[in-house]
Amino acid sequence: MWDQRPSFRFEIDNFSDKKDVIVSKVFEAGECEWYLAVQPEGNYNEQLCLFLYVANHKSLRTGWKRSAKYYFLVLNESNKELYKSSTMGTESILFCAENPAWGSRMTLPLSMFLENHKLIIEVYIKDVEAFDGEGGDINGFQVFAAHVASVKKTFAEHVAKIEYKNTLSNACSKLSELAEVGVKLEWLKSKFDEVSFKRKSAADESLVQQLEERIKNLELMVSGFKKDCLKSKTDECRFQKLEESVKNLELMELGLKLDSLKSKLEEVSLEKKKSHDADESRAQILEGRLKKIELMETGSKLDSLKLKLEEIALERKKSYDADESQVQQLEERIKNIELMDIGFKLDCVHTKLNNAADDSRV
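Each chain carries its own residue numbering, running from 1 in the written order of its sequence. Reporting in this predicted model follows two pLDDT cut-offs: at least 70 for local features of residues, and 80 or more for side-chain atom pairs to be given and counted; totals over whole chains, interfaces and linings ignore these cut-offs and use all residues. Think of the side-chain values as coming from all heavy atoms in the structure, minus any hydrogens and water.

### Here's the deal with the overall build of the chain
Next up, step 1: The helix and strand labels rest on DSSP assignments: H or I over at least four residues marks a helix, E over at least two residues marks a strand, and numbering proceeds from the N terminus. Across its full length, the chain holds five helices and 12 strands.
Next up, step 2: Within the chain, buried positions represent 23% of all 362 residues.
Next up, step 3: Relative to all contacts within the chain whose residues are 6 or more apart in sequence, the contacts with residues 24 or more apart total 60%.
Next up, step 4: Per-residue accessibility takes into account occlusion by the displayed protein chains alone, with areas from the Shrake-Rupley method and a 1.4 Å probe. Accessible surface, the chain: about 26800 Å² in total, of which carbon and sulfur atoms supply 54%. Note on classification: 1.4 Å probe, protein chains only; a residue is buried when its accessible area is under 20% of the maximum for its type, exposed when over 50%, partly exposed between these limits. Contacts were defined at the residue level, with two residues in contact if any of their heavy atoms lie within 4.5 Å.

Shown next as structure tokens:
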């Protein structure tokens, strides 16, 4: 039964611009390490070659073999299936030094199916087996091929512990050298006293107190280290005591750092509160000034509107007086015209009457 989740998902952006072989990162499947190699154009155009490689196969000894079932799945950005390898994972494939990789070739016009030039390759692997028992050389140890990945992980976890113990051993040896030579910390103490005096003058007393406490603690720790180194020369005892001392020192430094951060946070919060109050008072003052300015502008606008209304009323009054005088003039002219028309009609009547009288006489 195949797992629904792929053993590895390889997403390639800007695939259309790729020309050279594309190699994935190393991944683990079936307690063995693998990686994918993609050849964009294959031997011909519109051809894609996919390969599954055994990772770090050159570091494995001659005779190693791995058997596994696998198949490829090619998708676009919308996870639409474009291709599935023909083997379909029905047969186990043997990987060895002569054939460290197996793959498949597909002919498909990807440019027609890709979205945003992105290609996704999923590989499904199961039934992994490692044979022959001749593994690789890991830090001087011969390891079986089936356990190469787990042994590497184990070594990685223990390297940090070994380096830490080496550091403690070096610190112990240095402290023992100081105890043998008889170096004293009086000079260092005097220097720190000078520094504390300068810091006090600069109004930084809290930091100076912290430095003095740390110096005292260091002096106590160094004296304790000297006594411990003189009492016992066994490595295990020295390691344990040094570990405890280092832990105490780390806790002390952490406490000092936390106190310093706390004081800084309180100062910052106080400054923010002051600035916030100042901003609020300034905002209130500005709002009051803005209201006064708005009232002044409103008063000036009202005065300006009042003057304009008075000017318009005066202009309308002048226009009304002028219109009345024009109307009177027009009425007088109409009366004169009517009188002239009446006089003309009377003249016509007189002439007609005269003509009629003349005709009757004849």
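Next, the rest of the story.
### Focus: the pattern of salt bridges
Next up, step 1: Salt bridges are defined by distance alone: a side-chain nitrogen of Lys or Arg within 4 Å of a carboxyl oxygen of Asp or Glu. Counting across every chain of the model gives six salt bridges.
Next up, step 2: Residue R9 is joined to E122 by a salt bridge in which the shortest nitrogen-to-oxygen separation is 2.5 Å. With R9 in strand 1 (residues 8–12) and E122 in strand 10 (residues 119–131), this residue pair connects regions lying 113 residues apart in the sequence.
Next up, step 3: Of the residues examined, R9 reaches a relative accessible area of 33% and is grouped as partly exposed.

### A look at a nonpolar patch on the surface
Next up, step 1: A contiguous nonpolar surface patch, about 400 Å² in accessible area, is contributed by L251, L254, L258 and L261.
Next up, step 2: With respect to the secondary-structure elements, L251 resides in helix 5 (residues 235–361).
Next up, step 3: Classification of L251 by relative accessible area gives exposed; the value is 56%. To count toward a patch, a residue needs a relative accessible area above 30% and no salt bridge. Like charges then connect within 9 Å, nonpolar side chains (Val, Leu, Ile, Met, Phe, Trp, Tyr) within 5 Å.

### A closer look at the side chain of H57
Next up, step 1: Mapped onto the secondary structure, H57 falls in the loop between strand 5 (47–54) and strand 6 (65–75).
Next up, step 2: Owing to a relative accessible area of 19%, H57 belongs among the buried residues under this scheme.
Next up, step 3: Under this definition, polar contacts are N or O atom pairs within 3.5 Å; protein pairs additionally need one hydrogen-donor-capable and one acceptor-capable atom, and for neighbouring residues in sequence, both atoms have to be side-chain atoms. Here V54 takes part through its backbone oxygen, which lies 3.1 Å from a polar atom of the side chain of H57.

### Regarding the environment of I22
Next up, step 1: Secondary-structure assignment places I22 in strand 2 (residues 22–23).
Next up, step 2: Separated by 17 residues in sequence, I22 and Q39 have C-alpha atoms that sit 6.4 Å apart.
Next up, step 3: Look past the residues within four positions of I22 in its chain and what remains in contact with it is F10, I12, F15, L36, A37, V38 and P40.

### Examining unusual backbone geometry
Next up, step 1: For N56, which is not glycine, the phi torsion reads 55° and is therefore positive.
Next up, step 2: Secondary-structure assignment places N56 in the loop between strand 5 and strand 6.
Next up, step 3: A positive phi angle, close to 55°, is found at N116, a residue other than glycine.
Next up, step 4: Looking at the element boundaries, N116 is found in the loop between helix 1 (110–113) and strand 10.

### Things to note about the packing of aromatic side chains
Next up, step 1: For this analysis, a ring pair means two rings from Phe, Tyr or Trp (six-membered ring only for Trp) whose centres lie within 6.5 Å, classed as stacked if their planes differ by under 30 degrees, edge-to-face if by over 60, and tilted for the remaining angles. By the definition in use, this model includes eight aromatic pairs.
Next up, step 2: Taken together, a centroid distance of 5.2 Å and an interplanar angle of 70° make the contact between W34 and F95 edge-to-face. With W34 in strand 4 (residues 32–39) and F95 in strand 8 (residues 93–96), this residue pair connects regions lying 61 residues apart in the sequence.
Next up, step 3: For F95, a relative accessible area of 0% translates into the label buried.

### Digging into the nonpolar core
Next up, step 1: Nine residue types can take part in a nonpolar core, namely buried Ala, Val, Leu, Ile, Met, Phe, Trp, Tyr and Cys, and a core is a set of them joined through side-chain atoms within 4.5 Å. Ranked by size, the top nonpolar core spans 31 residues in total, and within it F27, W34, L36, V38, L52, I121 and I125 carry the most contacts.
Next up, step 2: Of all the elements in the fold, those that place two or more residues in this core are strand 1, strand 3 (27–29), strand 4, strand 5, strand 6, strand 7 (81–84), strand 8 and strand 10.
Next up, step 3: Here I121 is in contact with F8, R9, F10, I12, L36, V38, L50, F72 and L73, once residues within four sequence places are set aside.

### Observations regarding the environment of Y35
Next up, step 1: With respect to the element layout, Y35 can be found in strand 4.
Next up, step 2: On the basis of relative accessibility, which here comes to 18%, the residue Y35 falls in the buried class.
Next up, step 3: Between the alpha carbons of Y35 and A55 there is a distance of 6.0 Å; along the sequence they are 20 residues apart.
Next up, step 4: Those residues in contact with Y35, other than ones at most four positions away along the chain, are V23, S24, K25, V26, F27, F51, L52, Y53, V54 and A55.

### A word on the pairing of strand 6
Next up, step 1: Most of strand 6 sits inside the fold, with 10 of its 11 residues counted as buried.
Next up, step 2: In this sheet, strand 8 lies alongside strand 6 in antiparallel orientation, the contact comprising four bridges. Paired with A68 across the strands is I93, a residue of strand 8.
Next up, step 3: Strands qualify as paired when DSSP identifies two bridges or more between them. Both strand 6 and strand 7 contribute to a ladder of three bridges, which runs antiparallel. Of the residues in strand 7, the one forming a bridge with L75 is E81.
Next up, step 4: Two successive antiparallel strands, strand 6 and strand 7, enclose a turn made up of five residues, where N79 displays a positive phi of approximately 60°.

### Quick look at the environment of D259
Next up, step 1: Its location among the elements puts D259 in helix 5.
Next up, step 2: Spatially, the C-alpha atoms of D259 and Q210 are 9.8 Å apart, while their sequence positions differ by 49 residues.

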